[in-house]
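Letter by letter, the chains look like this.
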Amino acid sequence: MAKRNQAAVREARNTKKEETGRVLRPKFQEEGYIATPVQAKTEAQKEFLAALKTHDVVAFIAPAGCGKSYLTMSEVSDWLKKGIYNKVVLTRAVIPMGRSLGMLPSTLQQKFEPYLMPLLEVLWKRYGKSYYENCLSNGSVELLAPEYARGRSISDVMIIDECQSLHKDELYTMITRMEEGSKLICIGDPFQSDIKGQNGIEWLCEFVEKNPKLGEHIKIIHATSDDIVRGGMCKQMVKAMEKESNAKN
């Protein structure tokens, strides 16, 4: 993959900011600013960050609060900023958790951003919203609805959030979009699936186990409620829900 002309990219961004009158926070004004690298807090996080360097497809399966979105978007946004990859594609199943607001009149970006907010908020805090908007305009960040993925080829990085809400065939389609040298990151929690029956992330675990040669390309990392870092209340809530679920089974 050819790297971008970093100097030209920065100059274009600065010119656009001057034209629109936007003012960046001081730290984002530094030439070639790169945020401090993220550090693993648990063994599962450490395994995940290591796998990102060695495998083509990495799936991080963990309950809420284990840092899935934070670690993923922090690492990938750093890759983009450094020019290691030219483009990041963000996607997830468009399934609301509960009652829906219906079909709202807006652009694809406006419709899809609320679903990707866990990832986007990490990017905004790390490099600023102006950086995100510039990446959208120059195509280095793309928001892709899963239904538009068939037939596509992805040559850089794609992140699938809430992977547990994709069906088997949908996740298979996503994996087969990836070209040589690209990277696919799947994050999700099977306990919070919004579809009935076996979901995509559960299928992937079984499929890789049945086909050991895939292990050369695909790495699956599992975390448990013991790996939750969001806070004590979150950890106790998840553990209580697990206990209740196990009692019913």
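About the criteria used
- Residues numbered from 1 in each chain as written.
- Predicted model: local features only at pLDDT ≥ 70, side-chain atom pairs only at ≥ 80, totals over all residues.
- Heavy atoms only, no water.
- Phe/Tyr/Trp six-rings, centres within 6.5 Å; stacked < 30°, edge-to-face > 60°.
- Lys NZ or Arg CZ within 6 Å of the ring centre and 35° of its normal.
- Helix = DSSP H or I, 4+ residues; strand = E, 2+ residues; numbered from the N terminus.
- Buried < 20%, exposed > 50% of the residue type's maximum accessible area, 1.4 Å probe, protein only.
- Polar contact = N/O pair within 3.5 Å; in protein donor to acceptor, adjacent residues only side chain to side chain.

Attention now goes to the packing of aromatic side chains. By the definition in use, this model includes 7 aromatic pairs. When the ring of Phe-112 is compared with that of Tyr-115, the centres are 6.4 Å apart and the planes differ by 45°; the resulting orientation is tilted. Three or more aromatic residues joined by ring pairs make a cluster, and in this case those are Tyr-33, Tyr-127 and Tyr-131. Sitting above the plane of the Trp-124 ring, Lys-129 keeps its charged end 4.4 Å from the centroid.

If you check the backbone angles, Glu-162 has positive phi at about 50° while not being a glycine. Along the chain, Glu-162 falls in the loop between strand 4 (157-161) and helix 7 (168-175). On the basis of relative accessibility, which here comes to 27%, the residue Glu-162 falls in the partly exposed class.

For Tyr-127, the location among the structural elements is in helix 5 (residues 117-127). Of the residues examined, Tyr-127 reaches a relative accessible area of 3% and is grouped as buried. In sequence terms Tyr-127 and Ser-77 are 50 residues apart; their C-alpha atoms lie 8.2 Å from each other. Among the polar contacts listed, one links the side chain of Tyr-127 to the backbone nitrogen of Ala-35, at a separation of 3.1 Å. Here the side chain of Tyr-127 touches Asp-78 through a polar contact of 2.5 Å, side chain to side chain.

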